[in-house]
Amino acid sequence: MTTMETHTLAVPGVDLVYDVRRPLPAAGGHRTLLMIGQPMTAEGFGALAAHFTDRTVVTYDPRGLGRSVRSDGRSDHTPQDQAADLHLLIEALGGGPVDMFASSGGAVTALELVAAHPGDVGTLVAHEPPINSVLPDAAAAERAQAAVHEAYQAKGMGAGMAAFMALVSWQGEFTDAYFAQPAPDPAAFGLPTEDDGSRDDPLLSKASGTVTDYRPDAAALTAAPTRIVIAVGEETAGTYTARTAVATAELLGQEAVVFPSHHGGFMGGEFGYAGKPAEFAAKLREVLDAG
């Protein structure tokens, strides 16, 4: 059994909202476990957190997303800004090291956090960080992502998300065959075909472009006292985020650890990403305990 409290931390340019789940009765022997994503907010970790009732679990809404309303006048989402926010959040929690499970763009933020503040994190499990620079076809990956943005700007969310789905489901490098494909039909993915006029989606706009453009500092990461584990989903083999995970692990002189399910495999149906949260949690616990 756990209790959950919601708090707000005022940091420069944003009020960060975070949730703290504490075990009842109080438990000892475990570091606080932070679960982070990008552009996903705290609600996406509910199913996973439910399997860690023996330790304090903290989730949060990143700067400018969900409940964390920003006041800096900006709309971009950079790993550097988010890592700085996390450093202040960890200080507010009593200081590091904490353990961290970080997914997708959150894994990129977590790598920047470890490089910038190596004492903050004891064990980091970075699940499928989408980093172009580690790929042999980095330029083609950037071109494919630019096409997603162009589809979104031209025709709206449905067209943009369909292009994104085509990108993340493509097997292997982005070759001429990928770019020769016709534009995907949003209806084929159950997406709206009408344009609602909005252009502020954090995933499809260029607001999060600095996430995939991030260049990890391998020297800083390997020198840090943090135990870094790069995770990859067993069902995503060969796709973009699986390839970036494997290549990031190789950059750090290790092999990616295979986790159950897919890119959203820790989720219980939120955002249409039904995975295997129980199996995923068991693997995460095994990896954390090994540290």
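Residues numbered from 1 in each chain as written. Predicted model: local features only at pLDDT ≥ 70, side-chain atom pairs only at ≥ 80, totals over all residues. Heavy atoms only, no water.

### Structural notes on the overall build of the protein chain
Then step 1. Within the protein chain one finds ten helices and eight strands.
Then step 2. On C-alpha atoms alone, the protein chain measures out to a radius of gyration of 18 Å, which is about the 19 Å that the 2.2 N^0.38 rule sets for 291 residues.
Then step 3. Across the protein chain, every contact between residues at least 6 apart in sequence was considered, and the portion connecting residues at least 24 apart equals 70%.
Then step 4. Total accessible area computed for the protein chain in this model is approximately 12300 Å², and 53% of it derives from carbon and sulfur atoms.
Then step 5. Between the mean site of the 18 positive side-chain charges and the mean site of the 36 negative ones, the protein chain shows a separation of 2 Å. (Helix = DSSP H or I, 4+ residues; strand = E, 2+ residues; numbered from the N terminus. Rg over C-alpha atoms; globule rule 2.2 N^0.38 Å. Contact = heavy atoms within 4.5 Å. Areas by Shrake-Rupley, 256 points an atom, 1.4 Å probe, with all protein chains shown as cover. Lys, Arg positive; Asp, Glu negative; His and termini not counted. Charge placed at Lys NZ, Arg CZ, Asp CG, Glu CD.)

### Describing the side chain of Thr123
Then step 1. Structurally, the position occupied by Thr123 is in strand E6 (residues 121-127).
Then step 2. For Thr123, a relative accessible area of 2% translates into the label buried.
Then step 3. Not counting residues within four places of it along the chain, the set of residues in contact with Thr123 comprises Arg31, Val98, Asp99, Met100, Thr226, Arg227, Leu288 and Gly291. (Buried < 20%, exposed > 50% of the residue type's maximum accessible area, 1.4 Å probe, protein only.)

### A few points about unusual backbone geometry
Then step 1. Here Gln38 and Pro39 are connected by a cis peptide whose omega angle stands at 5 degrees.
Then step 2. Note that Pro39 resides in the loop between strand E3 (33-36) and helix H1 (46-49).
Then step 3. Here the bond from Gly96 into Pro97 is cis, since omega is 5 degrees, no more than 30 degrees from zero.
Then step 4. We note that Ser104 has phi near 55 degrees; this positive angle belongs to a residue other than glycine.

### A short note on the pattern of salt bridges
Then step 1. Counting across every chain of the model gives 15 salt bridges.
Then step 2. Two residues, Asp85 and Arg63, come together in a salt bridge whose shortest N-O distance is 2.7 Å. Separated by 22 residues along the polypeptide, Asp85 in helix H2 (residues 79-92) and Arg63 in the loop between strand E4 (57-60) and H2 bring together distant segments of the chain. For the pair shown, Asp85 and Arg63 are each scored as buried.
Then step 3. In this structure, Glu235 engages Lys276 in a salt bridge whose closest nitrogen and oxygen atoms are separated by 3.5 Å. With a gap of 41 residues between them, Glu235 in the loop between strand E7 (227-233) and helix H9 (240-251) and Lys276 in the loop between strand E8 (257-259) and helix H10 (277-289) connect regions that are remote in the sequence. (Salt bridge = Lys/Arg side-chain N within 4 Å of Asp/Glu carboxyl O.)

### What about the pairing of strand E5 (residues 98-103)?
Then step 1. Along E5, six of the six residues are buried, which leaves the element largely enclosed by surrounding structure.
Then step 2. Neither face of E5 is exposed, since Val98, Met100 and Ala102 on one face and Asp99, Phe101 and Ser103 on the opposite face are all buried.
Then step 3. Looking at chain direction, E3 and E5 are connected through four bridges and run parallel. Bridge pairing in E5 places Met35 opposite Phe101.
Then step 4. Once you follow E5 into helix H3 (residues 105-116) and on to E6, the crossover reads as right-handed. (Pairing = 2+ DSSP bridges. Right-handed = clockwise from strand over helix to strand, strands pointing away.)

### Re the nonpolar core
Then step 1. Residues Leu86, Met100, Leu124 and Ile228 are the most contacted members of the largest nonpolar core, which totals 40 residues.
Then step 2. Among residues more than four places away in sequence, those in contact with Leu86 are Leu34, Ile36, Tyr60, Met100, Thr109 and Leu113.
Then step 3. Membership of the second largest hydrophobic core comes to 20 residues, among which are Leu33, Phe45, Val57 and Leu288. (Core = buried A, V, L, I, M, F, W, Y, C linked by side-chain atoms within 4.5 Å.)

### Thoughts on H9
Then step 1. Taking 1.5 Å as the rise per residue, H9 with twelve residues should run 16 Å; its terminal C-alpha atoms sit 16 Å apart, in good agreement.
Then step 2. Listed as buried for H9 are Tyr240, Thr241, Ala242, Arg243, Thr244, Ala245, Ala247, Thr248 and Ala249.
Then step 3. If you follow the buried residues of H9, they end up packed against H3, helix H4 (138-155), helix H5 (157-169), helix H7 (209-212) and E7.
Then step 4. Downstream of H9 by a residue or two, Gly253 has a phi angle that is positive, lying close to 75 degrees. (Expected span 1.5 Å × (residues − 1).)

### Concerning the UniProt feature "domain: AB hydrolase-1" (unreviewed entry) in the protein chain
Then step 1. In the numbering used here, UniProt assigns the feature "domain: AB hydrolase-1" (unreviewed entry) to residues 48-140.
Then step 2. Between the C-alpha atoms that bound residues 48-140 the distance is 34 Å, and the span itself is 33% helix and 18% strand. (UniProt positions renumbered as here; feature names shortened; annotations may be inferred.)

### Here we look at the packing of H4 against H5
Then step 1. Put simply, H4 and H5 touch, their axes get as near as 6 Å, and they point 165 degrees apart. Our classification of the angle between H4 and H5 gives roughly antiparallel. You can see that H4 and H5 cross each other, and the crossing is right-handed. Contacts from Ala144, Gln145, Val148, Ala151, Tyr152 and Lys155 of H4 reach H5 at Met157, Ala159, Gly160, Ala163, Phe164 and Leu167.
Then step 2. Tallied by class, residues from the contact of H4 with H5 come to nine nonpolar, two polar and one charged. (Axes fitted to C-alpha atoms, helices over the stretch in contact; angles between N-to-C directions. Parallel < 35°, antiparallel > 145°, perpendicular 65-115°, else oblique. Left-handed = near helix turned anticlockwise from the far one by under 90°. Nonpolar A, V, L, I, M, F, W, Y, C, P; charged D, E, K, R; others polar.)

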